[in-house]
Amino acid sequence: MSKAERNKISIRRFMTCINTNDKELAQELVSDAAEFSSLVSKDKLYGGLGYLSVVDFMRKSFSDIRWEIVDMAAEDDKVAVSWICSGTHDGDFMGMAPTGKKFSFSAMNFYYFDADGKIVNDVAAKGLLGILEVLGFMKTPQIND
């Protein structure tokens, strides 16, 4: 099996991990050395448990949040994933009272793997901005021709 195929399998397992908050699976799939930045913490987050701390934060605001893979492409040590993220704003979110609004938005992430097949980096193309936009807390500027 190629590295690319191995990493795609890991991403499918990672989807299960973030949707079930499986801490053991997170530690298996994400390198302890992986460093993540997040709007939810002023400090850097590390490893699988650091990654899941962001997921935990999201669940407090969106108890039914889910990520589903739409498509992915892999080459060597990187995998590009197109996600659909959906849920309901049923808890306080960064000081914003619950609206009860359901949301669904597309996100794009690039995952990088080490030689052992563990995630060492996750670069998000849109992230939390998608939620803010869908819930009406932020408007994306439009370019007019």
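Residues numbered from 1 in each chain as written. Predicted model: local features only at pLDDT ≥ 70, side-chain atom pairs only at ≥ 80, totals over all residues. Heavy atoms only, no water.

**A word on helix H1 (residues 3-20)**
Okay, step 1: Relative to the 26 Å expected for 18 residues at 1.5 Å per residue, H1 spans 25 Å between its end C-alpha atoms, a close match to the ideal helical length.
Okay, step 2: Among all positions in H1, only Ala4, Asn7, Lys8, Ser10, Ile11, Phe14, Met15, Cys17, Ile18 and Asn19 are buried.
Okay, step 3: Buried residues along H1 sit against helix H2 (23-29), helix H3 (47-61), strand E3 (66-75), strand E4 (78-88), strand E5 (102-113) and strand E6 (119-124).
Okay, step 4: Following H1 by one or two positions, Asn21 has its phi on the positive side, about 60°. (Helix = DSSP H or I, 4+ residues; strand = E, 2+ residues; numbered from the N terminus. Expected span 1.5 Å × (residues − 1). Buried < 20%, exposed > 50% of the residue type's maximum accessible area, 1.4 Å probe, protein only. Contact = heavy atoms within 4.5 Å.)

**Considering the pattern of salt bridges**
Okay, step 1: Scanning all chains against the criterion turns up 4 salt bridges.
Okay, step 2: The salt bridge partner of Glu5 is Lys8, with a shortest N-O separation of 3.9 Å. Of the two residues, Glu5 and Lys8 both sit in helix H1, 3 residues apart, roughly one turn of that helix.
Okay, step 3: On the accessibility criterion, Glu5 (40% relative accessible area) is partly exposed.
Okay, step 4: Note on Lys8: relative accessible area 17%, which makes it buried.
Okay, step 5: Here Glu28 ties to Arg13 by a salt bridge, and the two come within 2.8 Å at their closest N and O atoms. (Salt bridge = Lys/Arg side-chain N within 4 Å of Asp/Glu carboxyl O.)

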